[in-house]
Each structure stands twice: as structure tokens, then as C-alpha cells.
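Breakdown of the fold
If you want the building blocks of each chain, they are given just below.
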Amino acid sequence: MAELPEKEPGLDPVPFGVSLALACLGAAQALWAGFQWWELGELRRGAQTLCDQAGGHCADAWNAPLAAAIHELTGLPIAAWGVVWGVAATAAVLLRMTAANDARRALFSGAVRALATVGPVAILILAATLLQQGVFCLTCVVTYAIVLAYAAIAWACLLYTS
């Protein structure tokens, strides 16, 4: 593996484009989960969702026992938690990018790492539960891809920062 140049105090060793990609992935997840939340609202009003029209079985996922338990426990549906994760992932990266010093940058690097860990763990649990129930959720797969891309990039680049 190639060695990174030594870090100069005050300079961010993570390239701007990488940070921008992470921020865009977080924002994409927030927007995508917002769409899923809207679709869930449509479903609750008795309408057919775009996902289900495309054969995605999203209603089965949104009404799965795990999703229902999370909604009951937290007061937020699973799609809303996708919005929360996306906003937090975007904010953590933007705050890291604009940190005034190394200590603050390290704090927000920790937040990015935490989100890059929690996100994949959450989708792994959700995906495993849905697969066990024989449910394939088309829009969930998009969520999985976004979250896993964020995690892969975050861990690959932030391992070299404090």
C-alpha cells in the first residue's frame, strides 16, 4: 500500500474530492430515504407505491415485524431513520471539512467513523431480517448501496487521520 505524505498541522490529509463524495453520499441517502418515507405515507393512505408497481415489495419491508417494532419503539418509521442517518452523515463530513483545528477535525472524523460503522450494521440487520422473511425490497437495495459506499470511502480515507 502506498504511503501517505506526513501530515502537516492544520492541513487536512483527506482530499477535498473524497470529503465532497462522502457529503454527497450522505445527502443522497437523506433524499432517498425521504422518498421512501413519502412512499410509506402513500402506502398508509391506501395508494399503491412506485416501488411496489415496479415489483419491489417495499410494502412488505416497511410492514415487516422489525420495521414495525422500530417504529413503535422510536416513533419514527425505518425510512425516517434513513433520513436521520443521511443528514447526520452529511453534517459530520461538512463539519469535519470546515473544522478550525486538528482537534475538532479529529472529533468529526470520529463521528464519520461512527456513522460509517453504525450504518452498515443497521442495514446488515435489516437485510438479514428481510431475507429470512423472504422479502426483497427494491428501494432498500439502493439504500444498502449508498450506505456501504459511504462506509467504504470513509474507512479507506479516514484511517489515515487522527
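This text goes with the structure placed above it.
Note that this is a predicted model, so its numbers are computed, not measured.

1. A word on the packing of helix α5 (residues 78-97) against helix α7 (residues 138-158)
At a minimum axis distance of 12 Å, the contact between α5 and α7 shows a crossing angle of 25°. Here α5 is positioned roughly parallel relative to α7, judged by the angle of their axes. Of the two possible hands of crossing, α5 and α7 adopt the one that is left-handed. Counting all contacts with α5, which are made through Trp85, Ala89, Val93 and Arg96, the residues of α7 involved are Val147, Tyr150 and Leu158. The residue inventory of the contact of α5 with α7, partitioned by class, reads six nonpolar, no polar and one charged.

2. So, the state of the cysteines
Counting across every chain of the model gives two disulfides. Shown here is the disulfide that connects Cys51 with Cys58, its sulfur atoms set 1.7 Å apart. Here Cys51 and Cys58 share a disulfide; its torsion about the S-S bond, 60°, makes the bridge right-handed. With respect to burial, Cys51 and Cys58 carry one shared label: buried. In this model Cys137 forms its disulfide with Cys140; the gap between the sulfur atoms is 2.3 Å. Taking the torsion about the S-S bond as the criterion, the Cys137 to Cys140 disulfide, at about 75°, is right-handed. Residues Cys137 and Cys140 agree in their burial class; the two are buried. For the chain, the bonded cysteines pair up as 1-2, 3-4 when numbered in the order they occur along the sequence. With no disulfide partner, Cys24 has as its closest neighbouring cysteine sulfur the one in Cys157, 14 Å distant.

3. Observations concerning the layout of surface pockets
If a probe the size of a water molecule is rolled over the atoms, the empty space left behind becomes visible. The calculated volume of the largest pocket comes to roughly 520 Å³. As for the largest pocket, its lining consists of 25 residues, and the residues nearest its centre are Ile78, Trp81, Gly82, Ala122 and Ile123. Taken together, the elements giving at least two residues each to the lining of the largest pocket come down to α1 (16-44), α3 (58-62), α4 (65-74), α5, α6 (102-132) and α7.

4. What to know about the nonpolar core
Within the largest apolar cluster, 31 residues are counted, with the highest numbers of intra-cluster contacts made by Val112, Leu130, Tyr144, Tyr150 and Ala154. For this core, the elements supplying multiple residues, two or more each, are α1, α3, α5, α6 and α7. The greatest single-element share of this core, amounting to eight residues, is contributed by α7. Beyond its immediate chain neighbours, meaning those up to four positions away, Tyr144 contacts Ile123, Leu126, Ala127 and Leu130.

Rules behind the numbers
- Residues numbered from 1 in each chain as written.
- Predicted model: local features only at pLDDT ≥ 70, side-chain atom pairs only at ≥ 80, totals over all residues.
- Heavy atoms only, no water.
- Axes fitted to C-alpha atoms, helices over the stretch in contact; angles between N-to-C directions.
- Helix = DSSP H or I, 4+ residues; strand = E, 2+ residues; numbered from the N terminus.
- Parallel < 35°, antiparallel > 145°, perpendicular 65-115°, else oblique.
- Left-handed = near helix turned anticlockwise from the far one by under 90°.
- Contact = heavy atoms within 4.5 Å.
- Nonpolar A, V, L, I, M, F, W, Y, C, P; charged D, E, K, R; others polar.
- Disulfide = S-S within 2.5 Å.
- Buried < 20%, exposed > 50% of the residue type's maximum accessible area, 1.4 Å probe, protein only.
- 1 Å grid on protein atoms, 1.4 Å probe; cavity = no way out; pocket = protein on both sides within 12 Å on 5 of 7 lines; lining within 4 Å.
- Points joined across faces, edges and corners; volume = space filled by probe spheres on them.
- Core = buried A, V, L, I, M, F, W, Y, C linked by side-chain atoms within 4.5 Å.

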